[in-house]
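Results of the structural survey
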Amino acid sequence: MDNKINNQINQLSGKMKETAGKMVHSDQLELKGKLQGMGSDINEKGEEIKEKAAHKANTILDKIKNERGR
């Protein structure tokens, strides 16, 4: 949950930097904002992958446990 909130904060912060960079005509600030936003997107996808992997692992382990109990 904390990672999701941190990703959203980073995404918002990146968008603000990107917008500010456009407003003041600062290519560097705009780029920093874009990169920050992209990093948040990557982190979010990584969290989704970890959650799906954990779910699949639990399913497999539950299946093995149930088969041993027969």
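What comes next is a walk through the structure. Everything numeric in this text was worked out from a predicted model, so none of it was measured. (Residues numbered from 1 in each chain as written. Predicted model: local features only at pLDDT ≥ 70, side-chain atom pairs only at ≥ 80, totals over all residues. Heavy atoms only, no water.)

On to the overall build of the protein, then. From N to C terminus, the protein includes two helices and zero strands. Relative to the compact-globule value of 11 Å for 70 residues, the protein shows a C-alpha radius of gyration of 20 Å, a clear excess of over 25%. With respect to the three principal axes, the spread of C-alpha positions in the protein is 70 × 15 × 10 Å. Buried residues in the protein amount to 13% of all 70 residues. Entry remark: accessible area of the protein is about 6,100 Å², with carbon and sulfur atoms responsible for 57%. Averaging the coordinates of the 14 positive side-chain charges in the protein and doing the same for the 11 negative ones gives two points 5 Å apart. (Helix = DSSP H or I, 4+ residues; strand = E, 2+ residues; numbered from the N terminus. Rg over C-alpha atoms; globule rule 2.2 N^0.38 Å. Buried < 20%, exposed > 50% of the residue type's maximum accessible area, 1.4 Å probe, protein only. Areas by Shrake-Rupley, 256 points an atom, 1.4 Å probe, with all protein chains shown as cover. Lys, Arg positive; Asp, Glu negative; His and termini not counted. Charge placed at Lys NZ, Arg CZ, Asp CG, Glu CD.)

Bringing unusual backbone geometry into the picture now. Backbone geometry at His25 places phi at a positive 60°, although glycine is not the residue there. In this fold, His25 is placed in the loop between helix H1 (2-23) and helix H2 (27-68).

This part is about the pattern of salt bridges. Applying the stated criterion across every chain yields a total of four salt bridges. Note that Lys50 is salt-bridged to Glu47, the shortest N-O span being 3.1 Å. Taken together, the residues Lys50 and Glu47, both in helix H2 and three residues apart, mark about one turn of the helix. (Salt bridge = Lys/Arg side-chain N within 4 Å of Asp/Glu carboxyl O.)

With that settled, consider a nonpolar patch on the surface. Together, Leu31, Leu35 and Met38 make up a nonpolar patch on the protein surface, roughly 310 Å² of accessible area in all. With respect to the element layout, Leu31 can be found in helix H2. Assessed through its relative accessible area of 48%, Leu31 is described here as partly exposed. (Patch = residues over 30% accessible without salt bridge, like charges linked within 9 Å, V, L, I, M, F, W, Y side chains within 5 Å.)

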